[in-house]
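Residues per chain are reported as follows:
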Amino acid sequence: MITKTKKSVSLSNSLLMEMAPFAKGESVSEFIEKATSYYVNELKKQKRGQRDMQIINAHAKRFNKEAEENLKFQAMT
């Protein structure tokens with residue numbers, strides 16, 4: 001079971017008004033929890049993407065050399 005904790009959060013009235021059409025009958029708390037969860041997941045994806053790019057860049061010379069060798073081999077056949 002998920003334990004919930006009460007926190008006080010201040011939001012602008014304009015943001016609350018923008019959220020209203022998207023809440024679709026949910027409470028403000030439910031909507032904010034879903035939106036925050038989505039945002040945190042997006043941040044995690046970005047972090048994984050950055051880590052993947054660091055790995056690719058660290059091995060780029062080897063990858064490029066292998067690709068050149070494959071293209072040369074294909075050109076010979």
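These numbers come from a predicted model, not from an experiment.

### Focus: the packing of helix α1 (residues 13-23) against helix α2 (residues 28-58)
Look at α1 against α2: their axes get within 11 Å of each other, and the N-to-C directions meet at 90°. Between α1 and α2, the interaxial angle falls into the category roughly perpendicular. Judged by residue contacts, Leu16, Met19, Phe22 and Ala23 of α1 engage Val28, Phe31 and Ile32 from α2. Of the residues contributing to the contact of α1 with α2, the split by class is seven nonpolar, no polar and no charged.

### Some details on the environment of Ala20
Summarising the element assignment, Ala20 is placed in helix α1. For Ala20, a relative accessible area of 49% gives the class partly exposed. In sequence terms Ala20 and Phe31 are 11 residues apart; their C-alpha atoms lie 9.2 Å from each other.

How each quantity is defined
Residues numbered from 1 in each chain as written. Predicted model: local features only at pLDDT ≥ 70, side-chain atom pairs only at ≥ 80, totals over all residues. Heavy atoms only, no water. Axes fitted to C-alpha atoms, helices over the stretch in contact; angles between N-to-C directions. Helix = DSSP H or I, 4+ residues; strand = E, 2+ residues; numbered from the N terminus. Parallel < 35°, antiparallel > 145°, perpendicular 65-115°, else oblique. Contact = heavy atoms within 4.5 Å. Nonpolar A, V, L, I, M, F, W, Y, C, P; charged D, E, K, R; others polar. Buried < 20%, exposed > 50% of the residue type's maximum accessible area, 1.4 Å probe, protein only.

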